[in-house]
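# Close look at the chain arrangement
Now for the letters of each chain:
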Amino acid sequence: MIKQFSIEDFRSPQLPSNLPEAIQLREEAPSNIALIKYWGKSGLQIPMNASLSFTLSESKTVTGARAVLREKAGDDVRFEFYFEGRRNKDFEKKIHTFFGRIADYIPGLKAYEWRFESRNTFPHSSGIASSASGFAALSKILLSFEQTLLGTYDDTFASVKASFLARLGSGSASRSIFPGINIWGHHPDIPGSSDLYAIPFPYEVHPVFDHFRDWIVLIDSGKKQVSSTQGHALIDTHPFKNQRISVAEKNMNTLIAAIKTGDLEVFGRIVEAEALMLHALMMTSEPDFILMKPDTLHLILELRRWRADEKIPVFFTLDAGANVHLLFPDSQVNRVEHFLGAILPQVKLIRDFVQ
Ligand code: 2P0
């Protein structure tokens, strides 16, 4: 179990007086898919409920950084951010806010002038959470930077601090630091869980989840209809807010038990209930959002029919969009391929798996 850290633990010691002139770093981080959903937050990125996710393997952000020592440290972080070869001012705005939140925890940040170059291994607007992998990769760079200046941290602390920083960029990014299964947010029954950072699943995972698949069916690759900021804000005044908190807490306990024992039926029931509840919350917000498309529902209903007929362990989850994530054990790959070919023959697919 990971020991509990407080905000104070993430403050860094004083920098040495002779800093290196230039530092070059490169890190990558995968995206993740939430099974217990994070939807609703308060204060500075404090989640309303604990969430649990699978870290993916192939869908990653790769970021390089070059930091050159400034003559004198400034009051502001000086940087340029290039995404897929082009300077990206939209990302710079978000990262500027992020740096404002984390500068106190990475004291060397303002002593250098930065240039970041970043790319994703998955298609743009594919519905894969690029803010999760993007802020996780950036946070890992900041941790390597700090260790270059101050000496190496113990691996667990370095990852926990990277997760702490990543959360301040985007909540779900906190869950992209550790491989496998991550839990972010305090839960009364999970020792070591914290609102400040994610932890790796603190129990034994049943082997049925080894190399577990997440195939993302791209129903719609258009721009997101509801931004995460807007989505989280809708929960503040939502009539079902308190029920959501208690259901999420219970679902977490049931899902954890199913992951330990390998009970795929219970696993699927909870994962699908969480996906539908996320969408139900959006459909009952003020204003409301209907994010599913006809093909989303078509695929879900056909999947359920097929599953009932053939008794196969293939389940779905949804993000805040129309795309469907199919979750299943390694053993079902060929059958899922056939099923999709019959139901949505032209559809684009990203084949990923749990790291
Ligand atoms: C999740 N989502 O748990 C949920 C489920 C989307 C649906 O976290 O405002 O981009 O940056 O903390 O992490 C999307 O929200 O939100 C999200 P911010 P984030 O993955």
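Numbers given to residues run from 1 along each chain, matching the order in which its sequence is written. The predicted nature of this model means local features are confined to residues of pLDDT at least 70 and side-chain atom pairs, given and counted, to a pLDDT of 80 or more, with totals for whole chains, interfaces and linings taken over all residues. The side-chain quantities take in all heavy atoms of the structure and omit both hydrogens and water.

## Let's talk about the site of the ligand
Heads up, the rule is: Put simply, a residue is near a molecule or strand once any heavy atom of it comes within 4 Å of that molecule or strand. The definition of a polar contact used here is a pair of N or O atoms within 3.5 Å, where within protein one atom must be able to donate a hydrogen and the other to accept one, and adjacent residues in sequence count solely through side-chain atom pairs. Only the protein chains shown count as cover for residues, with accessible areas throughout obtained via the Shrake-Rupley method and a probe of 1.4 Å. Throughout this entry, Asp, Glu, Lys and Arg are counted as charged residues, while Ala, Val, Leu, Ile, Met, Phe, Trp, Tyr, Cys and Pro are counted as nonpolar. The remaining residues, Gly among them, count as polar.
Inspection of the region around the ligand gives 16 residues, with Tyr38, Lys41, Ser170, Gly171 and Ser172 positioned closest. Between the ligand and Tyr38 there is a distance of 2.7 Å, counted from an oxygen atom to a side-chain nitrogen or oxygen. Computed on the free molecule, the ligand has an accessible area of 470 Å², of which 92% lies beneath the protein chains in the complex. Partitioned by chemical class, the residues of the shell around the ligand number 5 nonpolar, 7 polar and 4 charged.

## Quick notes on the side chain of Ser118
Going by this rule: Counting from the N terminus, the helices are DSSP H or I runs at least four residues long and the strands are E runs at least two residues long. Buried means the residue's accessible area, taken with a 1.4 Å probe over protein chains only, is under 20% of the maximum for its type, while exposed means over 50%, and partly exposed covers the values in between.
When you line up the elements, Ser118 lands in strand β7 (residues 112–120). What makes Ser118 buried here is its relative accessible area of 7%. Of the polar contacts made by the side chain of Ser118, one reaches the side chain of Thr63; its length is 2.9 Å.

## Observations regarding the packing of helix α1 (residues 89–102) against helix α3 (residues 155–169)
Which entries qualify depends on this criterion: Axes here mean lines fitted to C-alpha atoms, for a helix over just the part in contact, with angles spanning 0 to 180 degrees between N-to-C directions. Oblique is the label for every angle not falling under 35 degrees (roughly parallel), over 145 degrees (roughly antiparallel), or within 65 to 115 degrees (roughly perpendicular). Crossing handedness is read from the near helix: turned anticlockwise from the far helix by less than a right angle, it gives a left-handed crossing, and turned clockwise, a right-handed one. Whether two residues touch is decided by their heavy atoms; if any such pair falls within 4.5 Å, the residues are in contact.
Remark: α1 packs on α3, axes separated minimally by 8 Å, with the N-to-C direction vectors making an angle of 135°. Taken together, α1 and α3 sit at an angle that is classed as oblique. For the pair α1 and α3, the sense of crossing is right-handed. On the side of α1, the interface is formed by Phe98, Arg101 and Ile102, while α3 contributes Leu165, Leu168 and Gly169.

## Digging into unusual backbone geometry
With an omega of 0°, the peptide bond running from Glu286 to Pro287 counts as cis. Along the chain, the position of Pro287 falls in the loop between α6 (264–283) and α7 (294–310). Even without being a glycine, Gln45 presents a positive backbone phi close to 60°. Inspection of the secondary structure assignment puts Gln45 in the loop between β2 (41–42) and β3 (46–47).

## With respect to the domain arrangement of the chain
The test is simple: Those domain boundaries reflect an automatic or database domain assignment. A quick way to say it: buried area is the sum, across both parts, of accessible area lost when two parts are put together, with a 1.4 Å probe. A pairing counts as a salt bridge when a side-chain nitrogen of Lys or Arg comes within 4 Å of a carboxyl oxygen of Asp or Glu.
When the domains of the chain are assigned, the result is domain 1 (7–200) and domain 2 (208–353). Taken together, the 31 residues of domain 1 in the interface contact 40 residues of domain 2. Regarding the contact of domain 1 and domain 2, the summed buried area is about 3000 Å², with carbon and sulfur atoms giving 71% of it. In this assembly, domain 1 and domain 2 are joined by 0 salt bridges. At the boundary of domain 1 and domain 2, one finds 11 residue pairs in polar contact (both at pLDDT 80 or more). Put simply, the parts of the chain that give the side of domain 1 that touches domain 2 at least two residues each are β1 (22–36), β4 (51–69) and β8 (181–184). It is β4 that provides the largest number of residues to the side of domain 1 that touches domain 2, a total of 8 residues.

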